[in-house]
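Structural characterization, general
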Amino acid sequence: MTILTVSAVRTNLYQLIDQVTESYRSIYITGKPTNAVLLSAEAREVIQETLHFLSLA
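Residues numbered from 1 in each chain as written. Predicted model: local features only at pLDDT ≥ 70, side-chain atom pairs only at ≥ 80, totals over all residues. Heavy atoms only, no water.

1. Thoughts on the overall build of the protein chain
Check the secondary structure of the protein chain and you find three helices and three strands. Walking the protein chain from its N terminus toward its C terminus, one meets helices and strands in the order β-α-α-β-β-α. A compact globule built from 57 residues should have a C-alpha radius of gyration of about 10 Å, whereas the protein chain, at 13 Å, is more than 25% larger. Counting only C-alpha atoms and orienting by the principal axes, one finds that the protein chain spans roughly 40 × 25 × 15 Å. Going through the 57 residues of the protein chain one by one, you find that 14% of them count as buried. In the protein chain, of all internal contacts separated by at least 6 residues, the share reaching a separation of at least 24 is 33%. Approximately 4700 Å² of the protein chain is accessible, and the part contributed by carbon and sulfur atoms is 59%. For the protein chain, the distance from the average site of its 4 positive side-chain charges to the average site of its 5 negative ones is 18 Å. (Helix = DSSP H or I, 4+ residues; strand = E, 2+ residues; numbered from the N terminus. Rg over C-alpha atoms; globule rule 2.2 N^0.38 Å. Buried < 20%, exposed > 50% of the residue type's maximum accessible area, 1.4 Å probe, protein only. Contact = heavy atoms within 4.5 Å. Areas by Shrake-Rupley, 256 points an atom, 1.4 Å probe, with all protein chains shown as cover. Lys, Arg positive; Asp, Glu negative; His and termini not counted. Charge placed at Lys NZ, Arg CZ, Asp CG, Glu CD.)

2. Side note on the pairing of strand S3 (residues 35-38)
Bridge analysis of strand S2 (residues 27-30) against S3 gives four bridges, and the strand direction is antiparallel. Bridge pairing in S3 links Thr30 to Asn35. Joining the antiparallel neighbours S2 and S3 is a turn of four residues. (Pairing = 2+ DSSP bridges.)

3. Looking at the nonpolar core
Nonpolar side chains tend to gather and get buried jointly when the protein is soluble and globular. With six residues, the main nonpolar core is built from Val9, Leu16, Val20, Ile27, Ile29 and Leu38. Elements that contribute at least two residues to this core include exactly helix H2 (13-23) and S2. Filtering out sequence-adjacent residues up to four positions away, Ile29 remains in contact with Leu4, Thr5, Val6, Val9, Asn35, Ala36 and Leu38. (Core = buried A, V, L, I, M, F, W, Y, C linked by side-chain atoms within 4.5 Å.)

4. Section: unusual backbone geometry
Its identity is not glycine, yet Tyr24 carries a phi of approximately 60°, on the positive side. Following the sequence through the fold, Tyr24 ends up in the loop between H2 and S2.

As far as function goes, none of this settles anything; it's purely spatial.
Okay, structure coming up:
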């Protein structure tokens, strides 16, 4: 997993969006108050579908 600061993400946002879309790997973003994860929309949809199916079980 790639770990970047908010500043690094801000500088390279478009490139990072392409990276997560092509590789299906998320990027962990470290910030001072909180942290976040950048992932592709497709990966998010897969996670949402999986959670939905698990809730039906």
